[in-house]
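Structural features, examined
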Amino acid sequence: MRKLDDRGGPAQPLLIVNGLRKHFPLKRPMLDAGPRPVVRAVDEVSFSLPKGGTLGVVGESGCGKSTTARLLMHLVEPDAGDVIFDGEAVGRHDGLSVRQMRRQMQMVFQDSYASLNPRLTILETIAFGPVAHGTPLRQARAAAADLLARVGLDPVQFQRRYPHELSGGQRQRVNIARALALGPRLLILDEAVSALDKSVEAQVLNLLAELKEQFDLTYLFISHDLNVVHYISDEVMVMYLGKVVEIGPVETIYGDARHPYTRALLASRPSMDPDRRTNEAPIQGDPPNPIDPPSGCRFRTRCAFAEAVCAGAEPRLATGAAEGHLVACHMNDPASGHGRARLAA
Amino acid sequence: MAALLSIRDLQVRFVGRERTVHAVNGVSFDLAPGEVLGILGESGSGKSVTLRAILGLLPPRRTRYAGSIAFEGQELLGLPGRAFSRLRGKSIAMIFQEPATSFDPVYTIGRQITETIVRHEGVGEAAAQARAKELLELVRIPSAAERLKAYPHEMSGGMRQRAMIALALACRPKLLLADEPTTALDATVQIQVLLLLAQLQKDLGLGVIFVTHDVGVAVEVSSRVAVMYAGRVVETGPLADVVRRPVHPYTQGLLASTVHGSMRGRRLDAIPGAPPSLAAAPVGCSFAPRCRHAHAACDATPPEHRFGEGRMARCVLATERAAA
Ligand SMILES: Nc1ncnc2c1ncn2[C@@H]1O[C@H](COP(=O)(O)OP(=O)(O)OP(=O)(O)O)[C@@H](O)[C@H]1O
Ligand SMILES: Nc1ncnc2c1ncn2[C@@H]1O[C@H](COP(=O)(O)OP(=O)(O)O)[C@@H](O)[C@H]1O
Ligand code: SF4
Ligand code: SF4
Ligand SMILES: [Mg+2]
Ligand SMILES: [Mg+2]
């Protein structure tokens, strides 16, 4: 389908997210009269994504990466927060409807198999969305065949195949083609290459780079693989237990991270150099339960620099090493009362 | 030193009514006592099947073996099930990606570790319980006595993997088979478990085969590596040599497509295509359809070419590539 116009101009971020929040209520444990427990999956998440950029989202499992993506797609309803797509509020009567937004924002998931209908051929799968949006069948099929070729699958050889007749890497190419069929401007890739073997992952990463140029795309790239995120992203957002702890340009995050969690996460990467193996784990323990996160700074139970102020007050995101680099840590705030806060200035 | 484990030309096939899978197609390697061999390879390359073959953990009716697996000089292939269960847990132990493979969800981990000790060491209940507590301390689980009473689902992922290691060490094995035990863990937890395993290996002098698809993980734990492709070991050697000077085109491709930050803005040197189906026994070099150096000589199965200090590459160009 034809791509929709750039409405806000190049300076307008394609996506602005403000105070996004989702708490999932759980069943009360038996015989327990206390308040109903909630999972604080996403709490006050804010960021903006410039046109043509790639924002990488990292963090340990359960920190809210996928929930953030699903909230943006309106696959789950947010409890609070605003999403502004190219200057227009999504889901407001005077803004963009969810249906209009979904044409412009598409998602690719990790599980390449579960996201494809086993009874549709590859070509039918890719043409499905455009047909549902009113494109004539013949035209949708021709466009689908063209997309197949663009993601590196020969239409003659592949268009009549079913998902089970493809390898994981091929299925992920189909998922990308399907996401592109509606002519979106933003692609959310949630662990989209994580299930692939390294040699195939490299092929798909090359493909994503090519498509970004060809189709003028903007990416939100979610992954637990810190090396891949370093490779592909312009900006990186680090999450911990539903919160953004640090966000900024990729070179700042990988070269001059200020949040103790970001530093620990980066230092936890296995070494690629046999002469420089890791001697000591950067932090101990597992991430705590998001049902009842620690008060104040949620990282304080694993942080080597935690002080009383860290339990008492929640650190706010504030400018770190440079403009556009934000850190949520009391050590970064000279007024916080943290003993090491002076070092930040 | 005499090998702890010696595998020669191992072949494993799964036969079914519909189709046959040629999972392992001639694997040979030795493991010295106290050595850590990392087996590196992509999904479906035969890493898990090789490990499971050592312990006889493959479906007995559908699995066909050829070749030899000798543990301390004793041939394991063809051993009856009873002999295997004696060996298992006693001399050879295995840990998995999924702790559910090791732990029964309906019993506490303390009970499961204690039972294993009683069964294999013939000690009394009280002594076994004391040892179970020691084991949890050995794998650095805090408040070990308390934790013995926990059910597997009550523990975090990292804690369960530690408990699984404790269970594997319960009967003082000489050989530990590790099948991606940290793959499902988060980065900050994975490195803790890797360092724990490395420390235990050194302290206890264990021989370890550590299977992984992650080059970084292999670098952290192994002294030697074996790279598998389509059911064969295509390259082996001391870790640093193989990582710095890979000779087999597949090893080179795998290392080149392992992404890191310094590759930013560059197109990745990806290996084209996908691994073969394994529906038929390989004829010639299995990597040929994806290899940019493939030529007529690759139609015959490449021999194991040995060179340097303990290195091997299974490629017809190995001699000239190793010299280059
Ligand atoms: N429908 C739901 N009901 C209850 N809890 C939920 C629901 N969806 C997500 N959660 C919880 O919200 C938290 C964040 O989940 P999410 O899947 O977004 O994290 P993630 O960082 O993407 O994790 P992973 O990397 O494991 O996929 C987790 O604790 C998760 O268990
Ligand atoms: N029980 C089984 N029955 C049939 N095929 C199997 C069985 N177990 C493994 N295979 C096949 O053997 C090949 C190698 O598998 P595996 O050793 O598990 O790979 P890896 O562990 O390297 O991912 C794959 O093609 C897999 O599908
Ligand atoms: S606010 Fe305190 S506990 Fe949180 S990261 Fe900073 S120093 Fe550590
Ligand atoms: S034997 Fe031939 S096809 Fe196989 S890796 Fe060597 S050069 Fe390539
Ligand atoms: Mg997720
Ligand atoms: Mg496996």
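Rules of the game
Residues numbered from 1 in each chain as written. Chains lettered and ligands numbered in written order. Predicted model: local features only at pLDDT ≥ 70, side-chain atom pairs only at ≥ 80, totals over all residues. Heavy atoms only, no water. Helix = DSSP H or I, 4+ residues; strand = E, 2+ residues; numbered from the N terminus. Rg over C-alpha atoms; globule rule 2.2 N^0.38 Å. Buried < 20%, exposed > 50% of the residue type's maximum accessible area, 1.4 Å probe, protein only. Contact = heavy atoms within 4.5 Å. Areas by Shrake-Rupley, 256 points an atom, 1.4 Å probe, with all protein chains shown as cover. Buried area = accessible area lost by both parts, 1.4 Å probe. Salt bridge = Lys/Arg side-chain N within 4 Å of Asp/Glu carboxyl O. Polar contact = N/O pair within 3.5 Å; in protein donor to acceptor, adjacent residues only side chain to side chain. Nonpolar A, V, L, I, M, F, W, Y, C, P; charged D, E, K, R; others polar. Near = heavy atom within 4 Å. Pairing = 2+ DSSP bridges. Axes fitted to C-alpha atoms, helices over the stretch in contact; angles between N-to-C directions. Expected span 1.5 Å × (residues − 1).

Further remarks concern the overall build of chain B. Regarding its fold elements, chain B presents eleven helices and twelve strands. Computed over its C-alpha atoms, the radius of gyration of chain B comes to 21 Å, within 12% of the 20 Å expected for a compact globule of 324 residues. Buried positions account for 54% of the 324 residues belonging to chain B. Taking as baseline every contact in chain B between residues at least 6 positions apart, the subset at least 24 positions apart corresponds to 64%. Surface accessibility of chain B: about 14,000 Å² in total, with carbon and sulfur atoms responsible for 52%.

Contact with chain B, which involves 43 residues of that partner, is made by 43 residues of chain A. Around 3,400 Å² of area is buried between chain B and chain A when both sides are counted, 54% of it from carbon and sulfur atoms. Put simply, chain B and chain A have four salt bridges between them. Between Asp275 of chain A and Arg244 of chain B there is a salt bridge whose closest N-O contact spans 2.8 Å. In this structure, the connection of chain B to chain A is made through 27 residue pairs in polar contact (both at pLDDT 80 or more). Put simply, the parts of the chain that give the side of chain B that touches chain A at least two residues each are α6 (157-169), α7 (187-204), α8 (215-221) and α9 (239-244) of chain B. Broken down by element, the residue count for the side of chain B that touches chain A peaks at seven residues, all from α7 of chain B. When the residues that make up the side of chain B that touches chain A are grouped by side-chain class, the tally is 19 nonpolar, 16 polar and eight charged.

Lining the immediate surroundings of ligand 4 are 13 residues, of which Cys285, Cys291, Cys298, Cys315 and Val316 of chain B lie closest. Tallied by class, residues from the shell around ligand 4 come to eleven nonpolar, two polar and no charged.

Further remarks concern the sheet that holds strand β4 (residues 63-71) of chain B. Pairing between the strands of a sheet comes from backbone hydrogen bonds, and it takes one of two forms, parallel or antiparallel. All names here are of chain B. Taken together, the four strands give an open sheet; going across it, the order is β2-β1-β4-β5, and neighbouring strands pair in antiparallel fashion. Each end of this open sheet is capped by a strand with a single partner; those strands are β2 (20-31) and β5 (74-75). Where strand β1 (residues 5-15) and β4 come together, eight bridges link them in antiparallel fashion. Bridging from a neighbouring strand, Arg8 pairs with Ser68 of β4. Running at roughly 110° to β1, helix α1 (residues 47-54) makes contact with β1, β2 and β4 of the sheet.

All names here are of chain A. With antiparallel pairing, the four strands of this open sheet are ordered in space as β2-β1-β4-β5. At either margin of the open sheet sits one strand with a lone partner, and together these are β2 (38-49) and β5 (88-89). Where strand β1 (residues 15-25) and β2 come together, eight bridges link them in antiparallel fashion. Note that in β2 the partner of Leu20 across the bridge is Val45. Strand contacts of helix α1 (residues 65-72): β1, β2 and β4 (80-85), with the helix running at about 115° to β1, the strand carrying the most contacts.

Moving on: helix α3 (residues 122-132) of chain A. Every α-helix winds through 3.6 residues per turn, so residues three or four apart in the chain are directed the same way. Residue and element names in this part refer to chain A. When α3 is considered as a whole, its buried residues turn out to be Ile122, Leu123, Thr125, Ile126, Ala127 and Pro130. Elements in contact with the buried residues of α3: α4 (137-150), α5 (155-158) and α6 (168-180). Two residues or fewer past α3, Gly134 is found with a positive phi of approximately 100°.

Note: β1 of chain B against β2 of chain B, nine bridges, orientation antiparallel. The partner of Gln11 of chain B across the bridge, within β2 of chain B, is Asn25 of chain B.

Our focus in this paragraph is α6 of chain A. Residue and element names in this part refer to chain A. In a regular helix each residue adds 1.5 Å, so 13 residues correspond to 18 Å; α6 covers 18 Å between its end C-alpha atoms and thus fits that length. Most of α6 is tucked away, with ten of its 13 residues classed as buried. Along α6, the positions that sit buried rather than exposed are Gly169, Arg171, Gln172, Arg173, Val174, Asn175, Ile176, Ala177, Ala179 and Leu180. Close packing links the buried residues of α6 with β6 (105-108), α3, α4, β7 (186-190) and α7 (198-215).

These values are about where atoms sit, not about what they do.
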